[in-house]
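Results of the structural survey
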Amino acid sequence: METWNIIVFLILPHLAAAGLVVGLAYRIRVWLRTPVPLKIPLTPTPETRLGAARRLARQALGLPNLRRRSPLLWLATMSFHLALLLVLLRHLRYFLDPVPEWVLFLQKPGVAAGYVLPAALLLLLSRRLVSRPLLHVSRPADYFILALLLGVSLSGLALRLLFRTDLLEVKAWSLGLVSFSPFLPGEPGLFTLHLSVVLVLAAYFPFSKLTHGLGLFFSPALSQPDDALWTRHVNPWDGEEEE
Amino acid sequence: MNGAGGPQPARPEDLRTLGLPAALVPDWPGRFAEAFLRLLGRHRSLRTALDNCVRCGVCAGACPVYIETGDPGDSPAALVELARQARWRLVSFTGRPRRFRGPGRTVNDGLLARWFHYFHRCLLCRRCAGACPLGVDPAEVVLAAREVLAETGLGGRGAATLAAAARRTGNSLGLSAEAVRDACLDLEKELFQSTGVAVRAPVDEKGCEVLFLPPAADLAGNRAGLAGCALVFHAAGVSWTVSTRAADAANYGWFLGYRHLKRINRNVFLAVDQLRPRVVVWGETGHGWRVARNFSDTLSGPLAGMATLLTKRPLHICEFTEALLLKGAFKGRLDPAANDGWTVTYHDPCHAARGAGLLDPPRRLLRAAVNRFVEMPGNTIREMTACCGAGAGRLFESDRTIGGNLRARAFAASGADFLATTCDDCRAALPKVLAERPDLPARVGGVLELFGRALRPYLESLGLPETGPGEADDER
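Once a new chain begins, its residue numbering starts again from 1 and follows that chain's sequence as written. Chain letters start at A and ligand numbers start at 1, both assigned in the order the entries are written. Residues qualify for local features only when their pLDDT is at least 70, as the model is predicted, and side-chain atom pairs are given and counted only at 80 or more; totals for whole chains, interfaces and linings, by contrast, use all residues. For side-chain calculations, the full set of non-hydrogen atoms in the structure is used, while hydrogens and water are omitted.

1. Thoughts on the overall build of chain B
- By definition, any uninterrupted DSSP run of H or I lasting at least four residues is a helix, any uninterrupted run of E lasting at least two residues is a strand, and each is numbered from the N terminus. A count of helices and strands for chain B gives 20 helices and seven strands.
- Here the globule rule is a power law, 2.2 Å times the number of residues to the power 0.38, and the radius of gyration is based on C-alpha atoms. Its C-alpha radius of gyration of 23 Å places chain B within 12% of the 23 Å reference for a compact globule of 476 residues.
- Along the three orthogonal principal directions, the C-alpha set of chain B runs to about 85 × 50 × 35 Å.
- Residues counted as buried form 64% of the 476 residues belonging to chain B. Only protein chains enter the area calculation, which uses a 1.4 Å probe; residues under 20% of their type maximum are buried, those over 50% are exposed, and those in between are partly exposed.

The following block contains the structure:
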């Protein structure tokens, strides 16, 4: 049991965190190193780099075209991502000592977001199950990810509502993780499940579609300015296969 | 999957002209893997599309093909997934080619057949890309897939037919230099008979102000569009010429791969080199204009490298005519009453509008040349435009058009009876699409056709000295 606890609570978290960072860095490197042969702006596209960057930021933060096209999905995805952000920020209280004022301030909204999270996930899941074209393109990975996220959020809620764990011990453990001074919680109970699902999610993250939040910034159609008429664009592999 | 509207394979002689295998090569899985992995390493747009798509399905609601067929395999998300399936079979999750290809890890006949069918049904209109919240451009996936298919010997008929003709003759309809000259002579005769004025349509004249690249279709069949352009040049007093080396504004090589795109773009530069014009003006074309405006400089360098050129910037005939209009070149010469027989609406060609931002110039021309102009519903115009059903050479790919219904419905809702557009493929496809709706009596024509018709009363008055120039109002 002791060995098992050491693996789950001390070794795997460090491995998963390292995997997450290295994996994401690798993905970004691949995107950056893949050439962009042609200018492919999509009307309406700003003509300057600054304008294009602003558009990209607006898109990433507010998904304006989705709000027009599919208000229901927009609501579901915005509430999911915002709730996730609040919940993650609330969790900072377990990794910072003393807890900063603003994290304490986010405590109540963070707890409320904990209830929004599974609701939004269920909305996303049911949408996937009722729409014919969506059901057709859905892969096992899509359901797997939704299941993982539901698992994390529901086990988190259960820890809060049903099977409370010793938060002082948990905090001693999490502080120990980030300061590399190992501490094992005595009786973690359901917290073991919560942590395990988080670890699977973190390890899987860089190899899945979940990187879309980063990949979006590398999409040529979304990030290029519409300046082909006055800016020379060079295709780095042009001429490699002349006849 | 092989019902009506199934794409047909290209003719072997066309593929040979293009230097592509004329039939499925015996070791196609190897060729397929090599081509697909090469493109994955060369196109960030392809890679981010496969990586970013979360299969939210919003694109399906934007896709004119899916809306019409209801086949879930036609949805853009399904196309991205189809490409991702092949990648999953060829590449491990770290991005390295798989060495061990167990069951379910090979690209087999079934997957190849699905690739050929679905990737050749897409119209490349990019309406889905505009809807995607994550910047996925499914058209980039389809273009790459078509290039892979062409490399394995499964080029699509539409693009291959047209691109091979452009390689042989400089235009996608395969018109000989003689046929181009005849067409222009015929046009001069027609215009003299109808207006009484010697409107010229010169061919291969050196040192003109404008080298004009008409869509080849304007030279081959219905010459109303080219007549409009000739009248514009004449009324504005601009010298112009057509080239027999590049008697085309289109570039179907794009739909077969970068190498073919580049090769056909070179035709324009050969013509510029020979004729030394001051500016190059592209005729009424959709995808050809996107190639000219966004790709040409990357493919072949700036036009200004040619000594006599005034601007390195390519111009679309609508932009060019709009500039003349704003300068007052047609003041007192436009009579919109000449078009009073119709209520006109404007169909945005996908690549011109969504791909190259050509939204307002054609509308300004129409408002100046037409009294009754109306718009179609807002979600089918400008950057939200709905494809005519002939995108990506689709008109020549299959026995019928698919994907034009959305446009037909929008047209019916507009109450117009003349559908003007500024793309030759749209102009060829829209009558077929509208023919399926006999309740819609409609004519399809070019923007310049209508603009030219509004110039006719002025030109006719030149032939008859007793009536003064028309007092038409060309202000908007």
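2. Details of the overall build of chain A
- The secondary structure content of chain A amounts to 12 helices and zero strands.
- Counting from the amino terminus, chain A carries its helices and strands in the arrangement α-α-α-α-α-α-α-α-α-α-α-α.
- Summarising its shape, the C-alpha atoms of chain A cover approximately 70 × 40 × 40 Å along the three principal directions.
- A buried classification covers 44% of the 243 residues belonging to chain A.
- In chain A, the share of contacts with a sequence separation of at least 24, taken over all contacts with a separation of at least 6, comes to 73%.
- Under the convention used here, a 1.4 Å probe and the Shrake-Rupley method define accessible areas, while residue burial counts only the protein chains that appear. Carbon and sulfur atoms form 71% of the exposed surface of chain A, whose accessible area is close to 13,000 Å².
- Positive: Lys, Arg. Negative: Asp, Glu. His and the chain ends are not part of the count. Where a charge lies is defined by one atom per residue type, namely NZ (Lys), CZ (Arg), CG (Asp) and CD (Glu). Side chains of chain A carry 23 positive and 15 negative charges; the gap between the two charge centres is 10 Å. By definition in these notes, contact holds between two residues if any of their heavy atoms fall within 4.5 Å.

3. Thoughts on the sheet that holds strand β5 (residues 344–347) of chain B
All names here are of chain B.
- With respect to topology, three strands assemble into an open sheet ordered β5-β6-β7, the strand pairing being parallel. Only two strands of the sheet have a single neighbouring strand rather than two, namely β5 and β7 (443–446). Shown here is a sheet whose adjacent strand axes are inclined to one another by a mean of 30 degrees, direction ignored.
- Pairing between two strands requires that DSSP report at least two bridges joining them. Bridge count for β5 against strand β6 (residues 418–421) is four bridges, and the pairing is parallel. Opposite Y346, over in β6, you have A420 as the bridge partner.
- Axes here mean lines fitted to C-alpha atoms, for a helix over just the part in contact, with angles spanning 0 to 180 degrees between N-to-C directions. On the sheet, helix α19 (residues 424–435) packs against β5, β6 and β7 and is oriented at approximately 175 degrees with respect to β7.

4. Some words on the environment of R232(A)
- Following the sequence through the fold, R232(A) ends up in the segment after α12 (220–223).
- Spatially, the C-alpha atom of R232(A) lies 40 Å from that of L85(A), the residues being 147 residues apart in sequence.
- Residues within four places of R232(A) in sequence aside, it is in contact with D297(B), T298(B), G301(B) and P302(B).
- A polar atom in the side chain of R232(A) sits 2.5 Å from the side chain of D297(B). N or O atoms within 3.5 Å of each other form a polar contact, as long as, within protein, one can give a hydrogen and the other can take it, and as long as residues adjacent in sequence are counted only when both atoms are side-chain atoms.

5. Considerations on the nonpolar core
All names here are of chain B.
- Nonpolar core, defined: a set of buried Ala, Val, Leu, Ile, Met, Phe, Trp, Tyr and Cys residues in which side-chain atoms within 4.5 Å join the residues together. Formed by 95 residues in total, the largest nonpolar core has its most connected members in F32, F36, W115 and F119.
- When residues of this core are assigned to their parent elements, the largest contribution, nine residues, is made by helix α8 (residues 138–152).
- Look past the residues within four positions of F36 in its chain and what remains in contact with it is L46, L50, A83, A86, R87, L90, W115 and V148.
- V199, A227, F330 and F418 belong to the second-largest nonpolar core, a separate cluster that totals 54 residues.

6. Focus: the interface of chain A and chain B
- Contacts between the two partners involve 59 residues from chain A and, on the opposite side, 69 residues from chain B.
- By buried area we mean how much accessible surface two parts lose on assembly, using a 1.4 Å probe and totalling the loss over both. At the boundary of chain A with chain B, total buried surface from both sides reaches about 5,400 Å², with 54% on carbon and sulfur atoms.
- Of all residues in chain A, the largest losses of buried area upon contact with chain B belong to T43(A), R69(A) and L229(A), amounting jointly to 14% of the total for that side.
- Each salt bridge in this description consists of a side-chain nitrogen of Lys or Arg and a carboxyl oxygen of Asp or Glu lying within 4 Å of one another. In this assembly, chain A and chain B are joined by six salt bridges.

7. Remarks on the pairing of strand β1 (residues 210–213) of chain B
Residues and elements named next belong to chain B.
- The alternating pattern of β1 places V210 and F212 on one face and L211 and L213 on the opposite face, and all of these are buried.
- Pairing analysis gives three bridges linking β1 to strand β2 (residues 240–242), with the strands arranged parallel. By the bridge assignment, F212 is partnered in β2 with V242.
- With four bridges joining them, β1 and strand β3 (residues 279–282) adopt parallel strand pairing. Counted as the bridge partner of L213 is W282 from β3.

8. Brief notes about the pattern of salt bridges
- Taken as a whole and judged by the stated rule, the model has 36 salt bridges over all chains.
- Taking the shortest distance from any N to any O, the salt bridge between E13(B) and R11(B) comes out at 4.0 Å.
- Shared partners join several salt bridges into a network, and the residues in it are R128(A), R139(A), D142(A), K209(A), R55(B), E81(B) and R84(B).

9. Observations concerning the packing of helix α3 (residues 44–52) of chain B against helix α5 (residues 76–90) of chain B
Residue and element names in this part refer to chain B.
- Axis separation between α3 and α5 bottoms out at 10 Å; the angle between their running directions is 95 degrees. Our classification of the angle between α3 and α5 gives roughly perpendicular. Where α3 abuts α5, its residues R47, A49, L50 and D51 lie against V80, A83, R84 and R87.
- Residue classes follow a fixed rule: Ala, Val, Leu, Ile, Met, Phe, Trp, Tyr, Cys and Pro count as nonpolar, while Asp, Glu, Lys and Arg count as charged, and any other residue, Gly among them, counts as polar. Of the residues assigned to the contact of α3 with α5, the class counts are four nonpolar, no polar and four charged. Roughly parallel means an angle under 35 degrees; roughly antiparallel, over 145; roughly perpendicular, 65 to 115; everything else is oblique.

10. Side note on the side chain of N235(A)
- With respect to the element layout, N235(A) can be found in the segment after α12.
- At 3.1 Å, the side chain of N235(A) forms a polar contact with the backbone nitrogen of W237(A).
- Engagement of the side chain of N235(A) in a polar contact is seen with the side chain of Y258(B), the distance being 2.9 Å.
- For N235(A), the contacting residues outside a window of four places in its chain are P37(A), Y258(B) and T298(B).

11. A closer look at the side chain of R427(B)
- With respect to the secondary-structure elements, R427(B) resides in helix α19.
- If sequence neighbours within four positions are ignored, R427(B) has contacts with D218(B), E284(B), T421(B), V444(B), G445(B) and G446(B).

12. Here we look at a nonpolar patch on the surface
All names here are of chain A.
- A cluster of nonpolar side chains, contributed by W4, I6, I7, I11, L12 and L15, occupies part of the molecular surface with about 540 Å² of accessible area.
- Relative to the elements of secondary structure, L12 occurs in helix α1 (residues 2–33).
- For L12, a relative accessible area of 36% puts it in the partly exposed group. Only residues whose relative accessible area exceeds 30% and that form no salt bridge enter a patch; like-charged residues are grouped when within 9 Å of one another, and nonpolar side chains (Val, Leu, Ile, Met, Phe, Trp, Tyr) when within 5 Å.

13. Considering the environment of G153(B)
All names here are of chain B.
- Inspection of the secondary structure puts G153 in the loop between α8 and α9 (157–169).
- By relative accessible area, G153 is classed as buried at 6%.
- Spatially, the C-alpha atom of G153 lies 9.1 Å from that of P12, the residues being 141 residues apart in sequence.
- In contact with G153, other than residues within four places in its own chain, are L15, P21, A22, A23 and L24.

14. As for unusual backbone geometry
- Along the chain, T43(A) connects to P44(A) via a cis peptide bond; the corresponding omega equals -5 degrees.
- The residue P44(A) is located in the loop between α1 and α2 (49–62) in this model.
- The residue after D97(A), namely P98(A), is reached through a cis peptide bond having omega 5 degrees.
- Mapping P98(A) onto the fold places it in the loop between α4 (71–90) and α5 (101–105).
- One non-glycine residue with positive phi stands out, namely L124(B), at about 55 degrees.

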